[in-house]
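Structural overview for review
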Amino acid sequence: MPRRPKRPCSYPGCPKLTDGRFCEEHAKLEAQRYEKYDRATETKRRYGRAWKRIRDSYAAAHPLCELCLKEGRYVKTEEIHHIKPLSEGGTHARENLIALCKPCHARIHAERGDRWHNR
């Protein structure tokens, strides 16, 4: 199957072609802008330095996506997901975490309907 053609970066004035929404340079800038201006302050408080240490430790212990592994596929871990969301009373406890690849993580959130505030 042929690949999709690249498209221009969505950053104003950037002529670079990319597979995603932004080129590598502007993807980092957009992520920083999102963290600073668009992300809710309650969320910022929940995901601080302690979470990063917990996340990295869990990812090191679980290098493969746990859902894909159950299906016999070996896919590298890219996200650490809270089984019970922090917003619903979940914690950073290891029993509440699962290692996932990006497609599995996106599928879980899409099924829950909580991406882009579509509840």
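Further up the page is the structure itself.
Heads up: these notes are all about the structure in this document. Just so it is clear, the model here is predicted, and its values are computed rather than measured.

Definitions and limits used
- Residues numbered from 1 in each chain as written.
- Predicted model: local features only at pLDDT ≥ 70, side-chain atom pairs only at ≥ 80, totals over all residues.
- Heavy atoms only, no water.
- Buried < 20%, exposed > 50% of the residue type's maximum accessible area, 1.4 Å probe, protein only.
- Helix = DSSP H or I, 4+ residues; strand = E, 2+ residues; numbered from the N terminus.
- Pairing = 2+ DSSP bridges.
- Core = buried A, V, L, I, M, F, W, Y, C linked by side-chain atoms within 4.5 Å.
- Contact = heavy atoms within 4.5 Å.
- Polar contact = N/O pair within 3.5 Å; in protein donor to acceptor, adjacent residues only side chain to side chain.

1. Comments concerning the pairing of strand β4 (residues 97-100)
The alternating pattern of β4 places L97 and A99 on one face and I98 and L100 on the opposite face, and all of these are buried. As paired elements, strand β3 (residues 79-82) and β4 share 4 bridges and run antiparallel to each other. Each bridged residue has a counterpart across the sheet, and for H82 the counterpart in β4 is L97.

2. Observations regarding the nonpolar core
The tendency in soluble globular proteins is for nonpolar side chains to be buried side by side. Listed in full, the 7 residues of the largest apolar core are C65, C68, I98, L100, C101, C104 and I108. Ignoring anything within four residues of it in the chain, the contact list for C104 reads C65, L67 and C68. Judged by nonpolar contacts, the second largest core, of 5 residues, contains W51, Y58, L97 and A99.

3. Regarding the environment of K16
Following the sequence through the fold, K16 ends up in the loop between β1 (7-8) and β2 (17-18). Overall, K16 belongs to the partly exposed group, its relative accessible area being 40%. Separated by 10 residues in sequence, K16 and K6 place their C-alpha atoms 9.4 Å apart. Residue contacts for K16: discarding those within four places in its chain leaves R7, P8, C9, C23 and E25. Only 2.9 Å separates the side chain of K16 from the side chain of E25, close enough to count as a polar contact.

Nothing here speaks to function; it is all geometry.
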